[in-house]
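Observations on the model geometry
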Amino acid sequence: MLVRRQENVWIHCVLFLCLFDSVASQLSYSISEEVNKGTVVGNIAKDLNLNVQELEPRDLRIVSSYSKKYFDVNLRTGNLFVDERIDREELCPNVAKCSLKIQAVLNNPMTAHRIEVNVLDINDNSPVFIEKAYSLNISESSLTGERYLLPIAVDADTGSNSVKTYKLSQNEHFSLDVQSGGEHGVSAELVLQKALDREKQSVITLLLTAVDGGKPARSGTLQIRVNVIDVNDNIPTFSKSLYKVSVRENTAQGSVVIKLNATDLDEGMNSKILYSLIKRGNIDPSNIFDLNSETGEITVKGNLDYEETPAYEVRVQAMDQGTVPRSAHAKLLIEVTDVNDNAPEISVTSLMTPVKEDAELGTIVALVTVSDKDGGNNGVTNCKVMGSVPFKLKSNYKNDYSLIVDGPLDRENTSVYNVTITATDEGSPPLSSIRVITVHVSDVNDNAPRFMEPVINIYVKENSPTGSVIYTINAFDPDLDSNAKVTYTLLDSFPRNIPISSILNINSETGDIISLQSFNFEDIKTFQFKVQATDSGVPPLSSNVTVNVFILDENDNNPAILAPYSEHGSVNSESIPYSAEAGYFVGKIRAVDADSGYNALLSYHLSEPKGNNLFRIGTSSGEIRTKRRMSDNDLKTHPLVVLVSDNGEPSLSATVSIDVVVVESTADIQTQFRHVPVKEESFSDLNLYLLIAIVSVSVIFLLSLISLIAVKCHRTDSFSRYSAPMITTHPDGSWSYSKATQQYDVCFSSDTMKSDMVVFPAQFPPVDGELISINGGDTFTRTQTLPSKEKVCVKKLKDKSPSSIAALKDAYR
């Protein structure tokens, strides 16, 4: 930026001597900026009358407040020289006079001499414009002589080295007027010499040059862009003064008729053209045609009908958007050509909807009229119903029709019909029109509620809480509104001795079946009832469904020990001879469980004593037998505890205690029916009565069996209706036999030593069947059940007492 050059330094020294309390003096030097380092400014020793030999001993030095050390002194010669580059524009920007103030300090004695060095300017900076580019907007209507102030250039130099004049590049429209402001510098104005025309030249580029007064002179340039602003001095011009076009009648709305074109040489809003239709007299073309104001496109807006207007004469205006708009006009002739342009029109004069789904054939649904504005064959129409619908058109008179019911209606299959009517004229080509009539079908109560299943099976666990919802009945009615609103009621039940209303309730609206009591599988295993679903139509329709309720067994009954043994808490005894072999029969534990299935499947185990090696028990039969022969080391009395468990989840159990006494011979063995010891030599009255009772019961039972067999022989013809006999087993060890669908339990004992049996009725009345009794010798005795439809159970007993029989009966129940 700065140019250094070697110059001869001329020095002008003025010495001012002032006397104060101590001796002081001031020197003044002048030096040009940008001189080389080492350039001598002046001789301080000579100008201050100092001895050169004293400079070094007195430690002459230059001090100043500047950040840079611009000057230093040669102690051998006393010359003050430049020690740092000096830039006047950096030290004193925008100041006419620039000086550096330093001091020369000596010791012994200490004295300070002020030195002022004036820095003279050189032409080392070119003029610079602050703006990189400059734009002027000048209207093309501006008059000659108008002036426009231009930016000034800045020169860091001063005096004669600053900006002195401006120059403008050669052009035909502008000149430059340079004005000198004395100390305030030089300015320039752009003067319009020739009128502008934007249509010929819209942009003019000029170059402004600033020149300083240095030798040699320096300069800077600025590019000036003159934008010629348009004025609305041109009118729009149509491409034609008369436009002709033909269009077919009945042309669709929005169809393009013609596109007009007008141009304007101006720019901007002055060249933006808007088109419009001109109304003349009573004719307003905007009712028939639409003109896009920006594109000049004319489209069909209304209906073109050759029979009404064969041609249209339209005046069109094109206007620019200048401040003072200018416009031009053109004529447009539109000819309408005739075609078969009127399609038949279908109108519905009366619509009777909705129609009931039970409407009879021939019922009038709507009155239809067809018309065509064309004449001749173009106005003759044919009308018909399209598609397969239960309706048809019946001609009344000429173009008048009735839409009538022509088939059965079913709202549940189709609730709404869209009847399509087509009318076609006989023109060439023929035209047709379509009219869709929506016919609603109203509902009648012609559907009863429907259940999804003919029979509903419900499975309920026993002991379920009262008030719980065991099932939700759902019936569907395809009708609508009140005809489809279903209510539920409970009907008769089976068995009939169980009133259904006492054990169940049904929510009439939701169909929720609610239990009114907790069910016991041992009391009732299944029952049946019916649910009736009734809609709210007039008259109401209903349907029934059979509901079977099956009670699912829960393991809620402990096994019950049957006589002659009692449960845990009392001790029972059995006797065996000392000479008993391995497998000797000691006794049999009998137990029943009121539950069913696995919950009633019993198993027997010896729980005490642990690790007994003398006795074993059959896990399924309950028979206690010896494992080996007796030895002298065995005890005479063996207390046993038998655990009877079912297979339910969780398992329930019962225990019974038995003392097995070892005797010397079989003669010492006492029957287990004897609860008190008696002397063999005496035969009491009690024993006599017991013997008579046993014999009487046996005789009565045998007579009953003979009577049953006799009755069966006389009724053999009645058994042909039964199917083949069926024998099934139960988890409790009993067998069932039946020739019908009902089953009868035949319970027996494996004890072959005794074959006494007891008969009692069951709680559920099955149909008549046959009974098979199986004795210990695996022989079958076949008897018929009593006509009273009682369930017969045959069991072998050891204990014939009435208490044992009652206990067996309760346990079986």
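Note that this is a predicted model, so its numbers are computed, not measured.

Scanning the protein chain from N- to C-terminus turns up six helices and 59 strands. Per-residue burial for the protein chain yields a buried fraction of 40% across its 813 residues. For the protein chain, contacts bridging at least 24 residues in sequence account for 65% of all contacts bridging at least 6. Total accessible area computed for the protein chain in this model is approximately 44800 Å², and 52% of it derives from carbon and sulfur atoms.

Under the defined criterion, the tally for this structure stands at one disulfide. What pairs with Cys92 in a disulfide is Cys98, and their sulfur atoms sit 2.1 Å apart. Residues Cys92 and Cys98 share a disulfide whose torsion about the S-S bond is about 60 degrees; that sign makes it right-handed. In this structure Cys92 comes out as buried when scored by relative accessible area, which is 13%. Exposure remark for Cys98: the relative accessible area of 2% places this residue in the buried category.

A few words now on the packing of aromatic side chains. The relative placement of two aromatic rings is captured by the distance of their centres and the angle of their planes. Scanning all chains against the criterion turns up nine aromatic pairs. Pairwise contacts between aromatic rings join Phe238, Tyr243 and Tyr275 into one cluster. The ring of Phe521 has Lys525 lying over it, and the distance from NZ or CZ to the ring centre is 4.9 Å.

Residue Pro354 follows Thr353 across a cis peptide bond; omega there is 5 degrees. Residue Pro429 follows Ser428 across a cis peptide bond; omega there is -5 degrees. Tracing the backbone through its elements, the reader meets Pro429 in the loop between β33 (416-425) and β34 (432-442). Phi is positive for Lys398, close to 50 degrees, though the residue is something other than glycine. By relative accessible area, which is 61% here, Lys398 ends up exposed.

What follows deals with the sheet that holds strand β49 (residues 615-617). On the basis of which strands lie adjacent, the open sheet formed by three strands has the order β46-β50-β49 and antiparallel pairing. Strands with a single pairing partner mark the edges of an open sheet, and in this sheet they are β46 (585-588) and β49. Across the sheet, the mean angle separating the axes of adjacent strands is 20 degrees when strand polarity is ignored. Strand direction decides the pairing type here: β49 and strand β50 (residues 623-626), joined by three bridges, are antiparallel. Residue pairing for β50: Arg616 is matched across the bridge by Arg625.

To continue, consider the environment of Arg147. In this fold, Arg147 is placed in strand β11 (residues 147-149). Overall, the relative accessible area of 46% leaves Arg147 in the partly exposed class. The sequence separation of Arg147 and Asp177 amounts to 30 residues, and the corresponding C-alpha distance is 9.0 Å. Discounting chain neighbours no more than four positions away, the residues touching Arg147 are Asp177, Gln179, Glu189, Leu190 and Val191. Side-chain polar atoms of Arg147 contact the side chain of Asp177, separated by 2.5 Å. Among the polar contacts made by the side chain of Arg147, one reaches the side chain of Glu189 at a distance of 3.0 Å.

So, about the pattern of salt bridges. What the rule picks out here adds up to 19 salt bridges. For Lys331, the salt bridge identified is with Glu313, shortest N-O distance 3.9 Å. In this pair, Lys331 sits in strand β26 (residues 327-337) while Glu313 sits in strand β25 (residues 311-320), placing the two residues 18 residues apart along the sequence. Three or more residues joined by partner-sharing salt bridges are found here, namely Arg198, Glu199, Asp230 and Glu267.

A separate point is the side chain of Gln317. By secondary structure assignment, the location of Gln317 is in strand β25. Given a relative accessible area of 17%, Gln317 falls into the buried group. If we skip the residues at most four places from it in the chain, Gln317 touches Phe238, Leu274, Tyr275, Ser276, Ile278, Ser327, Ala328 and His329.

As a further point, take the nonpolar core. Nonpolar side chains in soluble globular proteins generally cluster together in the buried interior. Tyr29, Val41, Ile44, Phe71, Leu80, Ile115 and Val117 are the most contacted members of the largest nonpolar core, which totals 27 residues. Where this core is concerned, the elements lending two or more residues are β2 (23-32), α1 (44-47), β5 (71-73), β6 (79-82), β7 (99-106) and β8 (111-120). Counting residues per element, this core draws most heavily on β7, at four residues.

So, about the confidence of the model for the protein chain. The share of residues in the protein chain with pLDDT of 70 or more is 81%, and the mean pLDDT across the chain is 79. Scored below 50 in pLDDT, residues 671-682 makes eleven contacts in the model with residues more than four places away or belonging to other chains. Across residues 717-813 the pLDDT falls below 50, and counting only partners more than four positions away or on other chains, this stretch makes 210 contacts in the model.

This part covers the pairing of strand β24 (residues 297-300). Of the strand pairs in this sheet, strand β20 (residues 256-259) and β24 are connected by three bridges, and their pairing is antiparallel. Each residue of the ladder has a partner; that of Ile258, found in β24, is Ile298. Bridging between strand β23 (residues 289-291) and β24 involves three bridges; their strand directions are antiparallel. From the neighbouring strand, Asp290 faces β24, where its bridge partner is Thr299. Where β23 folds back onto β24 in an antiparallel hairpin, the turn is made up of five residues, including Gly296, whose phi is positive at roughly 80 degrees.

Calculation criteria
Residues numbered from 1 in each chain as written. Predicted model: local features only at pLDDT ≥ 70, side-chain atom pairs only at ≥ 80, totals over all residues. Heavy atoms only, no water. Helix = DSSP H or I, 4+ residues; strand = E, 2+ residues; numbered from the N terminus. Buried < 20%, exposed > 50% of the residue type's maximum accessible area, 1.4 Å probe, protein only. Contact = heavy atoms within 4.5 Å. Areas by Shrake-Rupley, 256 points an atom, 1.4 Å probe, with all protein chains shown as cover. Disulfide = S-S within 2.5 Å. Phe/Tyr/Trp six-rings, centres within 6.5 Å; stacked < 30°, edge-to-face > 60°. Lys NZ or Arg CZ within 6 Å of the ring centre and 35° of its normal. Pairing = 2+ DSSP bridges. Axes fitted to C-alpha atoms, helices over the stretch in contact; angles between N-to-C directions. Polar contact = N/O pair within 3.5 Å; in protein donor to acceptor, adjacent residues only side chain to side chain. Salt bridge = Lys/Arg side-chain N within 4 Å of Asp/Glu carboxyl O. Core = buried A, V, L, I, M, F, W, Y, C linked by side-chain atoms within 4.5 Å. pLDDT = per-residue confidence, 0-100.

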